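Working through the structure, step by step
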Amino acid sequence: MEQNTKTNITNIDTWIRLLYMILFGLLLAVARMVIWVVAILQFLMVLIAGQDNNNLRNLGQGVAKWSLQALLYLTFNSDEKPFPFSDWPEIDEKAQPEIIVATETAGKADDIPTFTAATSVEKPVEGKIVDVDETAESSDKTNGANTEADNDADGGDNSSDKR
């Protein structure tokens, strides 16, 4: 077993791979910054011009695919070194999303959602949705009818201090 360990430690290919791993680790840090720059620029393009920039989209996709290749190499999931030791990843034209731009603005204050409690809230009653105000009114009518019936039963005493 000691001989096997000694052979692994003295294997020059493993040490060369370590140098490549350090190089690709540093390049991944640069790639992450490039992706952030591309993302911010794309956001500004959509915000100002109403559409994204095709060249920036292709650059972002290429850097993202290169990053995946570099990560696969770093984690020993691939023995193929990424660019510049192989070709730059191909851009998939079919994967480009369609940007939907809003054409209307809110016309009424009712269209804007709020996070405050409304005075009228809907709640389910017997399988249908009714307004709380309607439910409160119907329960007042029901309570009033019960109160009159209760008053007749107890001799018309309306006092709430029954002991």
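Before any of the text, the structure's been laid out above.
Below, the structure is looked at part by part. (Residues numbered from 1 in each chain as written. Predicted model: local features only at pLDDT ≥ 70, side-chain atom pairs only at ≥ 80, totals over all residues. Heavy atoms only, no water.)

1. Looking at helix H2 (residues 12-49)
- With 38 residues, H2 extends 54 Å between its outermost C-alpha atoms, agreeing within 8% with the 56 Å of an ideal straight helix rising 1.5 Å per residue.
- Burial in H2 covers these residues: Arg 17, Phe 24, Leu 28, Ala 31, Val 38 and Gln 42.
- On the buried face of H2, the contacting elements are helix H3 (54-74).
- With a side-chain oxygen lying 3.1 Å from the backbone nitrogen of Asp 13, the N-terminal cap of H2 falls on Asn 11.
- Directly beyond the C-terminal end of H2, a positive phi value near 85° is found at Gly 50. (Helix = DSSP H or I, 4+ residues; strand = E, 2+ residues; numbered from the N terminus. Expected span 1.5 Å × (residues − 1). Buried < 20%, exposed > 50% of the residue type's maximum accessible area, 1.4 Å probe, protein only. Contact = heavy atoms within 4.5 Å. Polar contact = N/O pair within 3.5 Å; in protein donor to acceptor, adjacent residues only side chain to side chain.)

2. Considering a nonpolar patch on the surface
- Nonpolar side chains collect at one region of the surface, where Ile 9, Ile 12, Trp 15, Ile 16, Leu 18, Leu 19, Ile 22 and Leu 26 lie side by side and expose about 810 Å² of accessible area between them.
- Along the chain, Ile 12 falls in helix H2.
- For Ile 12, a relative accessible area of 54% corresponds to the exposed category. (Patch = residues over 30% accessible without salt bridge, like charges linked within 9 Å, V, L, I, M, F, W, Y side chains within 5 Å. Areas by Shrake-Rupley, 256 points an atom, 1.4 Å probe, with all protein chains shown as cover. Salt bridge = Lys/Arg side-chain N within 4 Å of Asp/Glu carboxyl O.)

3. Structural notes on the nonpolar core
- Formed by Phe 24, Leu 28, Ala 31, Val 63, Trp 66, Ala 70, Tyr 73 and Leu 74, the largest nonpolar core amounts to eight residues.
- Among the secondary structure elements, those contributing two or more residues to this core are H2 and H3.
- The biggest single contributor to this core is H3, with five residues.
- If we skip the residues at most four places from it in the chain, Tyr 73 touches Arg 17, Tyr 20, Met 21, Phe 24, Ser 78, Asp 79, Glu 80, Lys 81 and Pro 82. (Core = buried A, V, L, I, M, F, W, Y, C linked by side-chain atoms within 4.5 Å.)

4. Some words on the side chain of Ser 67
- Following the sequence through the fold, Ser 67 ends up in helix H3.
- Take Ser 67: its relative accessible area is 10%, and that puts it in the buried class.
- In contact with Ser 67, other than residues within four places in its own chain, are Leu 28, Ala 31 and Ile 35.

5. A word on the packing of aromatic side chains
- Tallied over the full model, the rule gives three aromatic pairs.
- Taking 5.6 Å as the distance between ring centres and 75° as the angle between the ring planes, the aromatic pair formed by Phe 24 and Tyr 73 counts as edge-to-face. One end of the pair, Phe 24, is in helix H2; the other, Tyr 73, is in helix H3, with 49 residues separating them in the sequence.
- With a centroid separation of 5.3 Å and an interplanar angle of 90°, the aromatic rings of Phe 83 and Trp 88 are classed as edge-to-face.
- The ring of Tyr 73 carries the charged tip of Arg 17 above its face, separated from the ring centre by 4.1 Å. (Phe/Tyr/Trp six-rings, centres within 6.5 Å; stacked < 30°, edge-to-face > 60°. Lys NZ or Arg CZ within 6 Å of the ring centre and 35° of its normal.)

6. Focus: the pattern of salt bridges
- Counted under the stated rule, the structure contains two salt bridges.
- Of the charged contacts in the structure, one is a salt bridge between Arg 17 and Asp 79, with a shortest N-O distance of 3.0 Å. Separated by 62 residues along the polypeptide, Arg 17 in helix H2 and Asp 79 in the loop between H3 and strand S1 (122-125) bring together distant segments of the chain.
- For the salt bridge of Arg 57 with Asp 52, the shortest nitrogen-to-oxygen distance reads 2.6 Å. Both residues of the pair, Arg 57 and Asp 52, count as buried.

7. Things to note about the environment of Asn 55
- Relative to the helices and strands, Asn 55 resides in helix H3.
- Owing to a relative accessible area of 59%, Asn 55 belongs among the exposed residues under this scheme.
- Separated by 13 residues in the primary sequence, Asn 55 and Gln 42 have C-alpha atoms spaced 10.0 Å apart.

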